[in-house]
Amino acid sequence: MSISVQIRPATQADALCLSVLATQVFLDTYATTGIRPAIAREVLHAFSVSVIAGLLEHNETFLHVAERDGHLLGFSQITIGTRQELVIAQHPAELDRLYVQEPFTRMGLGSQLLHVAETSATRHGADVMWLTPWVHNARALQFYARKGYADIGSTSFLMDGEAHENRLLRKQLGQ
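Because the structure is a prediction, the values reported are computed rather than measured.

Here we look at the pattern of salt bridges
1) Next: Across all of its chains, the model carries six salt bridges by this definition.
2) Next: Note that Asp-14 and Arg-8 form a salt bridge whose closest N and O atoms lie 2.8 Å from each other.
3) Next: Overall, Asp-14 belongs to the buried group, its relative accessible area being 7%.
4) Next: A salt bridge links Lys-171 to Glu-118, with the nearest nitrogen and oxygen atoms 3.3 Å apart. Of this pair, Lys-171 sits in strand 7 (residues 162–172) while Glu-118 sits in helix 4 (residues 109–123); the two residues are 53 residues apart in sequence, bridging distant segments of the chain. Comparing Lys-171 with Glu-118, the two get one shared label, buried.
5) Next: Residues joined by salt bridges that share partners form a network here, namely Arg-8, Asp-14 and Glu-67.

Observations concerning the nonpolar core
1) Next: With 26 residues, the main nonpolar core has Leu-95, Leu-109, Ala-121, Met-129 and Tyr-144 as its most contacted residues.
2) Next: Those residues in contact with Leu-95, other than ones at most four positions away along the chain, are Gln-77, Ile-78, Leu-114, Ala-117, Met-129, Trp-130, Leu-131 and Tyr-144.
3) Next: Ranked by size, the runner-up nonpolar core spans 21 residues in total, among them Ala-15, Val-25, Phe-47 and Val-65.

Remarks on the confidence of the model for the protein
1) Next: For the protein, mean pLDDT is 93; residues scoring 70 or higher make up 97% of the total.
2) Next: When pLDDT is averaged over each element of the protein, strand 3 (residues 71–80) comes out on top at 98 and strand 6 (residues 150–159) at the bottom at 83.

So, the packing of helix 1 (residues 15–30) against helix 2 (residues 37–46)
A pair of packed helices is captured by two measures, namely the crossing angle of their axes and the spacing between those axes.
1) Next: The interhelical angle for the contact between helix 1 and helix 2, taken along N-to-C directions, is 155 degrees, at an axis separation of 10 Å. In terms of orientation, helix 1 and helix 2 fall into the roughly antiparallel class. The handedness of the crossing between helix 1 and helix 2 is right-handed. Residues Thr-23, Phe-26, Leu-27 and Tyr-30 of helix 1 form the contact with helix 2, whose participating residues are Ile-39, Glu-42 and Val-43.
2) Next: For the contact of helix 1 with helix 2, the residue count by class is five nonpolar, one polar and one charged.

Criteria and cut-off values
- Residues numbered from 1 in each chain as written.
- Predicted model: local features only at pLDDT ≥ 70, side-chain atom pairs only at ≥ 80, totals over all residues.
- Heavy atoms only, no water.
- Salt bridge = Lys/Arg side-chain N within 4 Å of Asp/Glu carboxyl O.
- Buried < 20%, exposed > 50% of the residue type's maximum accessible area, 1.4 Å probe, protein only.
- Helix = DSSP H or I, 4+ residues; strand = E, 2+ residues; numbered from the N terminus.
- Core = buried A, V, L, I, M, F, W, Y, C linked by side-chain atoms within 4.5 Å.
- Contact = heavy atoms within 4.5 Å.
- pLDDT = per-residue confidence, 0-100.
- Axes fitted to C-alpha atoms, helices over the stretch in contact; angles between N-to-C directions.
- Parallel < 35°, antiparallel > 145°, perpendicular 65-115°, else oblique.
- Left-handed = near helix turned anticlockwise from the far one by under 90°.
- Nonpolar A, V, L, I, M, F, W, Y, C, P; charged D, E, K, R; others polar.

Shown next, in the form of structure tokens:
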């Protein structure tokens, strides 16, 4: 099933809704056994309105939103030039986030947002896109494999001093 949405660059006016959307998707994905202090602190820090507003001002960070009837359903976030030691690239870009609200998953929004993110990265000179999805997010790992991302190793995400294994995925852009 496909859904008709507008994909557009995010603006400062979106910061509030992006903050809440990011929080919701993060909790749906990572708080599968409930809320504990480390998760609560991560959400309140990483997804505050002020942090999201700051990302929207950053020259090398680009967010795109999927919107339908004035409602945000998902978003992508890339940062041009972010390096990772295992990613060999002249001009890398990191896919920081690709979040779709759960009721709208499996409707093509992730594919549309990923395509826009890859196009944006290429337009800004990137030759490789990389990301680090959580090792236990099987749906995301399968999605990226279908989209041509190769698993090139393991890395850790630190949350409140706790290390969580992530996979390191990369894709050559412009092919």
